Amino acid sequence: MEHVAPPSWVGLAYLAAGVLFIMALRGLSSPATSRAGNRYGMIGMTIAMVTTLATHGTASLLEIAGAIAIGGGLGFVTARKIKMTDMPQLVAAFHSLVGMAAVLVGLAAYLNPIAFGIAGPDGVIEVQSRIEMGLGIAIGAITFSGSVIAFLKLNGNMSGSPIMLPGRHVINLGTLIGIIGLVGYFTVDQSPWVIAVITALSFLIGFLLIIPIGGADMPVVVSMLNSYSGWAAAAMGFTLHNAAMIITGALVGSSGAILSYIMCKAMNRSFISVIAGGFGAAPEASSGGAAKVQRPWKRGAAEDAAYLMKEAETVIIIPGYGMAVAQAQHVLREMGDLLKKAGVNVKYAIHPVAGRMPGHMNVLLAEANVPYDEVFELEDINGEFAQADVAFIIGANDVVNPSAKTDKSSPIYGMPVFDVDRAKTVMFIKRSMGGVGYAGVDNDVFYMDQTMMLLADAKKMVEDINKALAH
Amino acid sequence: MDFISILSVFVMACFVGYYVVWSVTPALHTPLMAVTNAISSVIVVGALVAGAAEGSVASKWLGLLAVVLASVNIFGGFAVTERMLAMYKKKEKK
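Description of the structure in this document. (Residues numbered from 1 in each chain as written. Chains lettered and ligands numbered in written order. Predicted model: local features only at pLDDT ≥ 70, side-chain atom pairs only at ≥ 80, totals over all residues. Heavy atoms only, no water.)

1. Structural notes on the nonpolar core
Stated formally: Remark: nonpolar core denotes a set of buried residues (Ala, Val, Leu, Ile, Met, Phe, Trp, Tyr, Cys) joined through side-chain atoms within 4.5 Å. Working definition: with a 1.4 Å probe on protein chains only, accessible area under 20% of the residue-type maximum means buried, over 50% means exposed, and in between means partly exposed. Should any heavy atoms of two residues lie within 4.5 Å, those residues are counted as being in contact.
One finds Met309(A), Met335(A), Phe392(A), Ile394(A), Phe418(A), Val420(A) and Ile465(A) to be the most contacted residues of the largest nonpolar core, which totals 195 residues. Apart from residues no more than four positions distant in its own chain, Ile465(A) is found in contact with Ala302(A), Ala305(A), Ala306(A), Met309(A), Met335(A), Phe392(A) and Leu454(A).

2. A closer look at unusual backbone geometry
Residue and element names in this part refer to chain A. The residue His-241 is not glycine, and still its phi comes out positive at about 55°. Assessed through its relative accessible area of 30%, His-241 is described here as partly exposed. Backbone geometry places Asn-369, a non-glycine residue, at a positive phi of 70°. For Asn-369, a relative accessible area of 44% gives the class partly exposed.

3. A short note on a nonpolar patch on the surface
Let me state the cut-off plainly: Residues enter patches when their relative accessible area tops 30% and they take part in no salt bridge; the joining distance is 9 Å for like charges and 5 Å for the nonpolar side chains Val, Leu, Ile, Met, Phe, Trp and Tyr. Each accessible area value is a Shrake-Rupley result obtained with a 1.4 Å probe; residue values ignore everything except the protein chains displayed when judging cover. The salt bridge definition used is simple: a Lys or Arg side-chain nitrogen within 4 Å of an Asp or Glu carboxyl oxygen. The helix count covers DSSP runs of H or I at least four residues long, the strand count covers runs of E at least two residues long, and both are numbered beginning at the N terminus.
Taken together, the side chains of Tyr261(A), Phe3(B), Ile4(B), Leu7(B), Val11(B), Phe15(B), Tyr18(B), Tyr19(B) and Trp22(B) make up a nonpolar region of the molecular surface, amounting to roughly 910 Å² of accessible area. Sorting elements by how many residues they give to the nonpolar patch places helix α1 (residues 3–22) of chain B first, with eight residues. Within the secondary structure, Tyr261(A) is located in helix α9 (residues 243–267).

4. Describing the packing of aromatic side chains
Put simply, the test is: Each Phe, Tyr or Trp ring, with Trp reduced to its six-membered ring, pairs with another whose centre is within 6.5 Å; inter-plane angles below 30 degrees give stacked pairs, above 60 give edge-to-face pairs, and intermediate values give tilted ones. Lysine and arginine charges are scored as sitting over a ring when NZ or CZ, respectively, is within 6 Å of the ring centre and within 35 degrees of the ring normal.
Under the criterion given, the structure shown has 12 aromatic pairs over all chains. Between Tyr18(B) and Trp22(B) the ring centres are 6.3 Å apart and the planes differ by 70°, which places this aromatic pair in the edge-to-face class. Of this pair, Tyr18(B) and Trp22(B) both sit in helix α1, separated by four residues, roughly a single helical turn. A residue is classified by how much of its surface remains accessible, and Tyr18(B), at 39% relative accessible area, is partly exposed. Aromatic rings pair up to connect Trp231(A), Phe238(A), Phe3(B) and Phe10(B) into one cluster. The ring of Phe376(A) has Lys347(A) sitting right over it, with the charged end atom 5.3 Å from the ring centre. The ring centre of Tyr321(A) lies 4.0 Å from the NZ or CZ of Arg356(A), which sits over that ring.

5. Let's talk about the sheet that holds strand β1 (residues 314–319) of chain A
All names here are of chain A. Keep this limit in mind: Strand pairing is assigned whenever DSSP identifies at least 2 bridges connecting the two strands. Axis definition: a line fit to C-alpha positions, over the contact stretch in the case of helices; interaxial angles, taken between N-to-C directions, run 0 to 180 degrees.
If you walk across this open sheet you meet the six strands as β3-β2-β1-β4-β5-β6, and the pairing is parallel. Each end of this open sheet is capped by a strand with a single partner; those strands are β3 (375–377) and β6 (451–455). With strand direction ignored, the average angle separating the axes of adjacent strands in the sheet is 25°. Examined bridge by bridge, strand β5 (residues 425–430) and β6 share five bridges and lie parallel to one another.

6. Description of the pairing of strand β4 (residues 390–394) of chain A
Residues and elements named next belong to chain A. Among the five residues that make up β4, five are buried, leaving the element largely enclosed by the rest of the structure. Residues of β4 alternate between two faces, with Val-390, Phe-392 and Ile-394 on one and Ala-391 and Ile-393 on the opposite face, all of them buried. Pairing between β1 and β4: five bridges, direction parallel. Directly across from Ile-316, in β4, lies its bridge partner Ala-391. In the sheet, β4 pairs with β5 via five bridges, with the strands oriented parallel. Looking at the pairing, Val-390 lines up with Thr-425 of β5.

7. Re the interface of chain A and chain B
Buried accessible area, meaning the area lost when the parts come together, often serves as the stated size of an interface. Cut-off, in case you're wondering: Summed over both partners, buried area is the accessible surface (1.4 Å probe) that two parts give up on being assembled.
In this complex, chain A contributes 102 residues to the contact, which on the side of chain B involves 79 residues. When chain A packs against chain B, the two sides together hide about 8,200 Å² of surface, and 77% of this comes from carbon and sulfur. One can count three salt bridges joining chain A with chain B. A salt bridge links Glu82(B) to Arg35(A), with the nearest nitrogen and oxygen atoms 3.8 Å apart.

8. Brief notes about the environment of Thr406(A)
With respect to the helices, strands and loops of the structure, Thr406(A) is situated in helix α16 (residues 403–406). Sequence-wise, Thr406(A) and Pro371(A) are 35 residues apart; in three dimensions their C-alpha atoms are separated by 35 Å.

9. Concerning the packing of helix α1 (residues 8–26) of chain A against α9(A)
Residues and elements named next belong to chain A. Inclusion rule: Angle categories: roughly parallel below 35 degrees, roughly antiparallel above 145, roughly perpendicular from 65 to 115, and oblique for all the rest. With the far helix as reference, a near helix turned anticlockwise by less than a right angle produces a left-handed crossing, and one turned clockwise produces a right-handed crossing. Polar here means any residue outside two lists: the nonpolar Ala, Val, Leu, Ile, Met, Phe, Trp, Tyr, Cys and Pro, and the charged Asp, Glu, Lys and Arg; Gly therefore counts as polar.
With their axes 7 Å apart at the nearest point, α1 and α9 run at an angle of 20° to one another. Classified by the angle their axes make, α1 and α9 are roughly parallel. At the point where α1 passes α9, the crossing takes the right-handed sense. Counting all contacts with α1, which are made through Tyr-14, Leu-15, Ala-17, Gly-18, Phe-21, Ile-22 and Leu-25, the residues of α9 involved are Ala-244, Ile-247, Thr-248 and Leu-251. Of the residues that constitute the contact of α1 with α9, the class distribution is nine nonpolar, two polar and no charged.

Okay, here's the thing in C-alpha cells:
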C-alpha cells in the first residue's frame, strides 16, 4: 500500500473542524451563546469523522459503523441517565476513555505504520514519529490510569483520603525518568518490548500520581487530567499530521491547564503541592487535636431559621459539596422561591473550589432551576456580606473559614474565603458538630455570637424550613 | 505538512486556547470540561485510520476498539453538555 498525498480539500476540512471546535469553546463565554457553541462542536466532529472515512477506504465500513453505534449508544444513554451530582465521576470516566483511545491508536500506529504514512515500505518508522508516538502513548496511559483512580475516588469505590506510599517521590521520579529514557531509546530501537515497557510504566505512574491525592483536591486533579487528555490528542495529531487533532489537543490542553491554575489559586496552593499529595491526610493530627476545647455554640431550629430569613432583607446562600451529597439543590431552590415571595432578596454565592469539579455547584443550581443571574462568584459578592442579614451555609465549610485569613499555621491559610462573619446572622447547616471540613481544621464560624447551627441532614433541614416558611 | 507547519499550528492553537478559555464564564466550567472531553475525542480520526486500514489485523482491531471508546465520549460528551446547557436559564420576566 503506497502512501499518496491526500487532496487539498482534506486538509481544509480538518482545519474547518478545528475552527468549529474553537467556536464551541468560545460559545461558553455566556450561557446565552453556549448551546450554539455545542452545536458547532458536533458539526466539527462530524466533519472530521466523515473526512477520515472518505479518504481512508471503506473496506471495513460495516465494522466501523458497528463500533460507532456501540460506543455512541453507550455514551448517549449514560449522558441521558447520569445524575447531575455525579458529573465529576462521569467526566473522570470520560477522560479515562480518551486516554485509553490514545494508547490504542498509538499501538495501532506502531503495528501498522505504513497505513499511517509514518514509515517507509520497509516498515521502519520515522524517528520523529517514534518520539511523537511514544509520548502520545505515555500521556494517554497516564491519563487513563490516573482518571480511573480519580473516578474510583469520586464515585466512592475507593477512600477519598490520600494513600501515601513510602518513598513515593523517588518511585515516581524514577518511573518518569524511565519513561523519558525509553522514549529516547525508542528512536534507535523500534522493538516491541520498548513500546510495551513505555506503556506499562505510564499506566503505573498515572496510578501512583493520583492515589496520594485527597478528595478535596479532586477539582485540580480532574482539571489536570482534562489537560492531559488534550496533550495526548495533540501528540497523536503530530503523529498523524492532522490539523484538527492538533488544534483540539492544544485547546483542551490549555483549557485543563487554566482550570487547574484557577482551582489552585482558589485554594492558595501551588500546583506542585497538590501533585505531591497528602492534603487532608490526618485531620486529627492538625490543629484540631490541640484545639479540641469545648467552645459554646448555639443550636437553632428550622422554625427559628425560617422566621429570621422571612424578616431579612437579603439572604446569601453558600452551597458546597455537602449540598450535592444530600441532593438538596431542589429543596434549596424552593426555599429561595418562598423567600422571594416574602420579599427577600436571595442570592447564591459560589466559591471556585466548591464541589468536586470546577463549576459543579453552578450546574446543580441550574438543574434546580435557579436563574443564573442570581448566582455570583466569590469576588463579585464578597463585599455584600456586610450588608447581608443572613448568610446561609449549606454543605460548605472550608470556604467560609476565617482562619484562612488570620491563622498562619492553618493548612488553608491564604485561601480566599467568603466573609460570612460580617453578615448579621450566619446559619450553618451541618450534620453534627463532630466533623470538620476536608482540610481537617476547626471553623471559628461555628462559635460566633451571630451563628446559628442547624444540625441535620441538609435536605431534611431545608424541607423543614420550607414547611415553616409556607405557614 | 512538514514538522514546522504542524508545530506552528500547535503553538498558535495553544495561544487561541489560552484566550478563549479565559473568556469562559466560571459558571460554565463544568460544561467546559464536558465539551473539551467530547472534542478531545477527535482522536477518533486516528482510530478510524487504523480501523479502516489493511495490512495488520491486530492494528485494525485496536483501531476499532479505540473507535468504540472515542464514540462513547463523543456522543456522551456532547449529549451531556447539551443537557447541562439546557438547564441554564435567566430569571423569568415578571
